[in-house]
Amino acid sequence: MLKNYFKVAVRSILKNKFFTIVNVLGLATGIAAFLLLIQYVSFEESYDSFVKDSENIYRVRLDQYSNGEIGISSAENYPGVGPAMKADIPGVEDYARLYNVGYKNNVVISYEEEGNQPIKFKQRKFLYADSSFLPLFGYKLIKGDAESALAKPNTAVISEKYSKMYFGDADPIGKILRLQADDNFNEDCVVTGVFQDLPENTHLKFEILFSYNTLYTRGDWAPQIYDRSWNRKNMFTYVKLAKNADPKEIERKLPELVNKYSPTLAERNREDILILQPLTSIHLHSNLSEEPEINGDAESVSSLGLIALFILIIAWVNYINLATAKAVERANEVGVRKAMGAYKNQLLGQFLLESAIINIVSILIAVLFVILAIPLFNRISGHSFTIVQFFNPTSIGLIIGLWGVGTLLSGLYPAFVLSSFDPVSVLKGKLMSNKGGVLFRRSLVVLQFITSIGLIAATIIVFNQVEFMRNQNIGLDIDRVLVVERPGIIPEDSEAFFENVDVFRNELKDNSAVQYMSMSKTVPGNQRELKARVKLYGQSNDELKVLRYNSMDYDFLDLFKMKVIAGRGFSADYPSDIDTAMIITESAVKILGFDTPETAIGQTISLPVFRLDGIIVGVVNDFNQVSLQEAQEPTVFYCMRYNGEYYSIRINSENIPQTIAQIKQSWDKAFPGNPFVYFFLDDYFNRQYANEQQFGDLFAVFSILAIFICCLGLFGLSAYTAQQRTKEVGIRKVLGSSINNIFVLLSKEFVYLILIGTLIAIPLTYYLMDQWLASFAYKQPIAWWVFIVSGLSVIIVALITVSFQTVKAATVNPVNSLKYE
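Residues numbered from 1 in each chain as written. Predicted model: local features only at pLDDT ≥ 70, side-chain atom pairs only at ≥ 80, totals over all residues. Heavy atoms only, no water.

A. Looking closely at the packing of helix 3 (residues 81–88) against helix 8 (residues 254–261). One way to put it is that helix 3 packs onto helix 8 with a least axis distance of 11 Å and a crossing angle of 115 degrees. Judged by the twist between their axes, the crossing of helix 3 over helix 8 is right-handed. Contacts from A84, M85 and D88 of helix 3 reach helix 8 at L254, L257, K260 and Y261. (Axes fitted to C-alpha atoms, helices over the stretch in contact; angles between N-to-C directions. Helix = DSSP H or I, 4+ residues; strand = E, 2+ residues; numbered from the N terminus. Left-handed = near helix turned anticlockwise from the far one by under 90°. Contact = heavy atoms within 4.5 Å.)

Take a look at the structure:
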């Protein structure tokens, strides 16, 4: 019986080659798109899930409030938090601290072998780690012992990649790496272990770990600062809870812990709140200051998951539409089978087998599409997926599940329709089209159009928002600005270093390709939260306000083309600027209680944490330090000529490569032995929009695929409609109808369905995209033309698709259509 079913199914599929090709191509494209997007979504959601006992590991977040206002929400906290939690809170099994100096300071890590030139690289991907970190996260070492590798001071573990970079094929164990930093510390550390290169799906991307105990050797003061301090906020703290521990219950005990170890916070009108962040949720659900990497976005990932589902549903809808539309053609077959004694269940099995064959062929072709698309998909998504990731046991299980679900969902309804025909009516030729079936097919077509129009509109909105952010005036001119990171190896004598800086400055001043050079503590786009509590001189701590702070020298305002609203900028004509002068932004004027920028000039402000008082000499325009997702923040600048961490250089030459080479020559002359590491500031700033850019690119590509699948369905339906109405078209032509009249007759139903889909898609898409835009402090309003363009695009594409069949039907000689009548 099964063999007979299979033969009949194959004959039926081969008999209708055109519709079979349309069905298979639509399903294959939909399944391939689904597999690609689901792989991306699964990967984004898998961050840190490879860590042993990841469900029990949490990062401790710190929210700092001043006078009831949030100042900083940080991924870092105090060195004393981890030890206190383990000692005072039952259920906390262990902790590990990471000191992220590697993400902040300009550190050179070198290896020197006797008789050879030293190998030097400026590094940021390193951390100082507690000895408990490797065991707590379950990292295995290829060489060395994870339990003891970081137990002693001046020890280090290194990745396979960096082991080859520094030591080649030699055994790294026992080799010595030297750290040299711009705050004048030199530390020699022995390599005690090598770990496997970290997978891409981790929020902590480091290449070298140095023993946390090394920090204690910096001086007698070091243990107090790095071990139990609750003042210095610069540590990532991870805790592992017991399996039966309730994280909410532990979190409720954290305020008491803060009060115990920081009892004077209330007196200073401050409040520190510690919050537990599940390790596996950090990548998609955390956007704090001091994050080690730019994290993903949960909303964008969820949206792409929905798109994947919609595309798959559109492909299945095509199959259902074409199968039920062609049901009348198979009515005689069903009638004969029923008259010969076939049961309904047998007919259901027959038609479900046809669906199963089409689905499995579609899946095999979809797999081929996926393999071919992986390189392009990697470029769009920014990841490095391999064939193995797409076809691991989990993915194969998903593919098998798709085949089963697809067979049932796409085959069950057509099977019921076909198997329910009355044999008497069929064999008498009295079978009429079912109005319910027609309405159902139209509803499915409308659903496809709603999805297509919504995806096009959403793609345009995302693209407009990304372009808006890239081109918006952020209050500084960052175009054609090259930034060089401060040298990591500097003389112990500060005066000698200052002389080196002057050499670099003077070299650049003599270079006609360079317009300005300026130093600052930070640059736009840097995620590092530099904030301080500020008040007017003489005010109580109740009046403290949280402001960003930065340093600048005499050329900063000119280099970044900032506007002086009142007063003046820092100048060499005023030597006291170095010690006493401050510049604030326009919004800081209001925050500090001044009526106008002019009234702020000459007033003294205090930064108690730095024990610093300064006179306001100027007010400048507001600017965006970080992404336009965040509002502009009030900022205070102090004058610093030599100790900036970033050297910004405005280039006015068209020959960029030659100018960079000249700057490097000046650098090597001023700072010999220091690696020359630079970036362009506009690229550096715009990297903050990488998630939105990827989201938009993926949206655009898969919107096109969704429309392609819809068009395949339309192509098949229009072909069937034209075929069913061949005689009607012939009669109308005999009676004088033109080709245009026939085209309108056969196309207008689809236009009506598109218009209905547009009317439903507009409010739905507007609401969803308005919710997405709500997360941006600065956003491009949703324009009315977006929906006009989306609707017209779908109408034009649909009419072009339908026209292939309608024009063909309209141009057929009516004699050929009616010769058998």
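B. Fine view of the packing of helix 17 (residues 494–509) against helix 22 (residues 656–670). Where helix 17 contacts helix 22, the two axes come as close as 9 Å, and the packing angle between them is 155 degrees. The angle between helix 17 and helix 22 falls in the class roughly antiparallel. Handedness of the crossing formed by helix 17 with helix 22: right-handed. Seen from helix 17, the contacting residues are N500, V503, F504, E507 and L508; seen from helix 22, they are I663, S666, W667, K669 and A670. A per-class count over the contact of helix 17 with helix 22 returns 6 nonpolar, 2 polar and 2 charged. (Parallel < 35°, antiparallel > 145°, perpendicular 65-115°, else oblique. Nonpolar A, V, L, I, M, F, W, Y, C, P; charged D, E, K, R; others polar.)

C. Structural context of the confidence of the model for the protein. The share of residues in the protein with pLDDT of 70 or more is 85%, and the mean pLDDT across the chain is 84. When pLDDT is averaged over each element of the protein, helix 18 (residues 556–559) comes out on top at 96 and helix 15 (residues 423–427) at the bottom at 52. (pLDDT = per-residue confidence, 0-100.)

D. How the structure looks around the packing of aromatic side chains. All told, the structure shown has 46 aromatic pairs when counted by the stated rule. Between F497 and F671, the aromatic rings sit 6.3 Å apart at their centres with planes inclined by 40 degrees, giving tilted as the arrangement. Residue F497 is found in helix 17, and its partner F671 is found in the loop between helix 22 and strand 24 (678–680); the two are separated by 174 residues along the sequence. Considered together, F497 and F671 belong to a single accessibility category, that of buried residues. Here Y549 and Y638 contribute two aromatic rings whose centre-to-centre distance is 6.5 Å and whose plane-to-plane angle is 35 degrees, an arrangement assigned as tilted. Of this pair, Y549 sits in strand 17 (residues 545–552) while Y638 sits in strand 22 (residues 635–639), and the two are 89 residues apart along the sequence. Among the aromatic residues, those joined into a cluster by ring pairs are F497, F498, F504, Y642, Y647, W667, F671, F676, Y678 and F680. A cation sits over an aromatic face here: R505 above Y642, 5.5 Å from the ring centre. Sitting above the plane of the Y574 ring, R568 keeps its charged end 3.6 Å from the centroid. (Phe/Tyr/Trp six-rings, centres within 6.5 Å; stacked < 30°, edge-to-face > 60°. Buried < 20%, exposed > 50% of the residue type's maximum accessible area, 1.4 Å probe, protein only. Lys NZ or Arg CZ within 6 Å of the ring centre and 35° of its normal.)

E. Expanded view of the pairing of strand 8 (residues 155–159). Most of strand 8 sits out of view: 5 of its 5 residues are buried. Side-chain alternation along strand 8 places T155, V157 and S159 on one buried face and A156 and I158 on a second face that is also buried. As judged from the 5 bridges shared by strand 8 and strand 10 (residues 186–195), these two strands associate in the parallel manner. Across the sheet, the residue bridging to T155 is V190, located in strand 10. Bridge count for strand 8 against strand 11 (residues 208–211) is 3 bridges, and the pairing is antiparallel. Considered in strand 11, the bridge of I158 is made with I208. (Pairing = 2+ DSSP bridges.)

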